[in-house]
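# Observations on chain architecture
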Amino acid sequence: MTPRQLFLDALRRKPTPRPATGSVTSVVTVDLMDAAGASFPTAHTDAAEMAKLAAAGHEVLGFDNVMPLFSVWHESAALGCPVDWGARDRMPDCRGHLAALGEDVTVPKDLLRRPGCAVPLAAIRLLRKRFGEEVAVVGKVFGPWTLGYHVFGVQEFLMGTLLEPDHVRKAMDQLKRVTIEFGRAQVEAGADALCLGDHATRDLCSPEAYRDFLQACHAELVEKIPCPLVLHICGDTADRIGYIRETGVACFHFDSKVPAARARELAGEKLALMGGTSNFEVVRSGTPERVAADVAEKLACRIDVIGPECAVPLDAPSRNLRLIAEEAKRKRG
Ligand SMILES: [Zn+2]
């Protein structure tokens, strides 16, 4: 069975000959850039460099999937956010905002042709060509909650959920079109599945706010984007996994703040689970024994795709990522 088939079967919770391993968030570290011969910041803005660095996720680390959108800023840059693409050892960031809550957000007609979208779309095409049917190619889109932070600023957007919920709903309706348009284009370019990132973490979004503002929206994205979606939310999400499992997303990529056994219990038997391995305790500073014990624990809890919980810190040693993949692949499914 090819790594691609294995990864996609795991997202559907089908039995596989061995556990799947991978991640839908960035697995790039500074030492992986050296191994790949491609590095930040060019890998955010040049399709060939982006594809070359993403390919290392399979070719160097041994994961079953590759994922070329390393930052959270691509579609926001295409919307007009002034993004600083960072450096070799620093992730991109953006300070300015585009609009005030209550103002209309216009989605540019040429959104997909702007570099923020066009570069990752071209990188996905290159990866599809490079790997054929062998390796899963995963794309990434952000939901309207995260896009709301980027367009209006985190504080203004979150205050709006309390003071002007109608403005927030209208903004999310407008921004959702970006998620759908960019997501469909990535599928057409060759993506097998997409990460749906939405930063509805507990510190910034109550479980009631998830239910009232996001649950139906995520279910609609499942309807409108024709591939399996892997929802990624950082932090402690135990209080909303019950809502997430009702949205129809194929898989939830979870943070180590939720113990794996608890995540499995809350997810039930239909929702696949990915990740949950701590970036700080295991990926960055774990001994080989600690890595092996962590993989064994995740498998005992029936986590479907073994890998890091979220974007890997750039200063982590990539050898621990390779070890995670090796450990997972040594086991039977
Ligand atoms: Zn995260």
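Located above this text is the structure these notes cover.
Described below are features of the structure shown in this document. (Residues numbered from 1 in each chain as written. Predicted model: local features only at pLDDT ≥ 70, side-chain atom pairs only at ≥ 80, totals over all residues. Heavy atoms only, no water.)

In terms of nonpolar packing, the biggest core is built from 115 residues, with F7, L11, L53, W145, F152 and F252 touching the most fellow members. For this core, the element with the most residues is helix α9 (residues 165-189), which contributes ten residues. Setting aside anything within four residues of it in sequence, one finds L53 in contact with V28, L32, M33, A36, A38, S39, F40, A43 and F70. In terms of nonpolar packing, the next biggest core, distinct from the first, is built from five residues, W73, V83, W85 and C94 among them. (Core = buried A, V, L, I, M, F, W, Y, C linked by side-chain atoms within 4.5 Å. Buried < 20%, exposed > 50% of the residue type's maximum accessible area, 1.4 Å probe, protein only. Helix = DSSP H or I, 4+ residues; strand = E, 2+ residues; numbered from the N terminus. Contact = heavy atoms within 4.5 Å.)

Another aspect to go through is the pattern of salt bridges. Throughout the structure, instances matching the rule amount to 30 salt bridges. In this structure, K176 and D173 form a salt bridge, with 2.9 Å as the shortest nitrogen-oxygen distance. Remark: D173 and K176 occur in helix α9; sequence separation between them is three residues, near one turn of the helix. Taking relative accessible area as the criterion, D173 reaches 46% and is therefore assigned partly exposed. Measuring nitrogen to oxygen at the nearest pair gives 3.1 Å for the salt bridge that ties D236 to R202. Taken together, the residues span a long stretch of sequence, with D236 in the loop between β7 (229-232) and α11 (241-244) and R202 in the loop between β6 (193-197) and α10 (207-224) at a distance of 34 residues. A relative accessible area of 43% means that R202 is categorised as partly exposed. Counted as one network, the salt bridges with shared partners bring together R13, R264, E269, R302 and D304. (Salt bridge = Lys/Arg side-chain N within 4 Å of Asp/Glu carboxyl O.)

Each pair of donors in an ideal octahedron of six around a metal sits at 90 or 180 degrees, and each pair in an ideal tetrahedron of four sits at 109.5 degrees. Note on the zinc ion: its protein donors are H232 (NE2), C234 (SG) and C310 (SG). The metal-donor distances range over 2.0 to 2.1 Å. Expressed as a motif, the donor residue spacing for the zinc ion is H-x1-C-x75-C. With a gap of 78 residues between them, H232 in strand β7 and C310 in the loop between β10 (305-306) and α15 (318-330) connect regions that are remote in the sequence. (Donors = N, O, S within 2.8 Å, 3.2 Å for Na, K, Ca; no water.)

Now for the pairing of β6. For β6, the buried fraction is high: five of the five residues fall into the buried class. Burial along β6 is two-sided: A193, C195 and G197 and L194 and L196, pointing in opposite directions, are all buried. Bridge analysis of strand β5 (residues 136-142) against β6 gives five bridges, and the strand direction is parallel. Across the sheet, residue F142 finds its bridge partner in β6, namely G197. By the bridge criterion, four bridges tie β6 to β7 in an arrangement that is parallel. Each bridged residue has a counterpart across the sheet, and for L194 the counterpart in β7 is L229. Of the crossover connections in this fold, the one passing from β6 over α10 to the parallel β7 is right-handed. (Pairing = 2+ DSSP bridges. Right-handed = clockwise from strand over helix to strand, strands pointing away.)

Two numbers describe a pair of aromatic rings. These are the distance of the centres and the angle of the planes. Scanning all chains against the criterion turns up seven aromatic pairs. An angle of 45 degrees between the planes, with centres 5.6 Å apart, marks the rings of F40 and F70 as tilted. Taken as a pair, F40 in the loop between α2 (30-36) and α3 (42-45) and F70 in the loop between β2 (65-66) and α5 (74-79) lie far apart in primary sequence, 30 residues in all. Of the two residues examined, F40 and F70, each falls in the buried class. For the ring pair Y149 and F157, a centre distance of 5.9 Å and an interplane angle of 80 degrees mean the geometry is edge-to-face. Under the relative-accessibility criterion, Y149 is labelled buried at 6%. Here F157 falls in the buried class, since its relative accessible area comes to 0%. (Phe/Tyr/Trp six-rings, centres within 6.5 Å; stacked < 30°, edge-to-face > 60°.)

Omega for the bond connecting F40 with P41 falls within 30 degrees of zero, at -5 degrees, which places this linkage in the cis form. In this fold, P41 is placed in the loop between α2 and α3. Although it is not a glycine, R13 sits at a positive phi angle of roughly 60 degrees. Secondary-structure assignment places R13 in the loop between α1 (3-11) and β1 (20-21). Look at R13 and you get partly exposed, because its relative accessible area is 21%.

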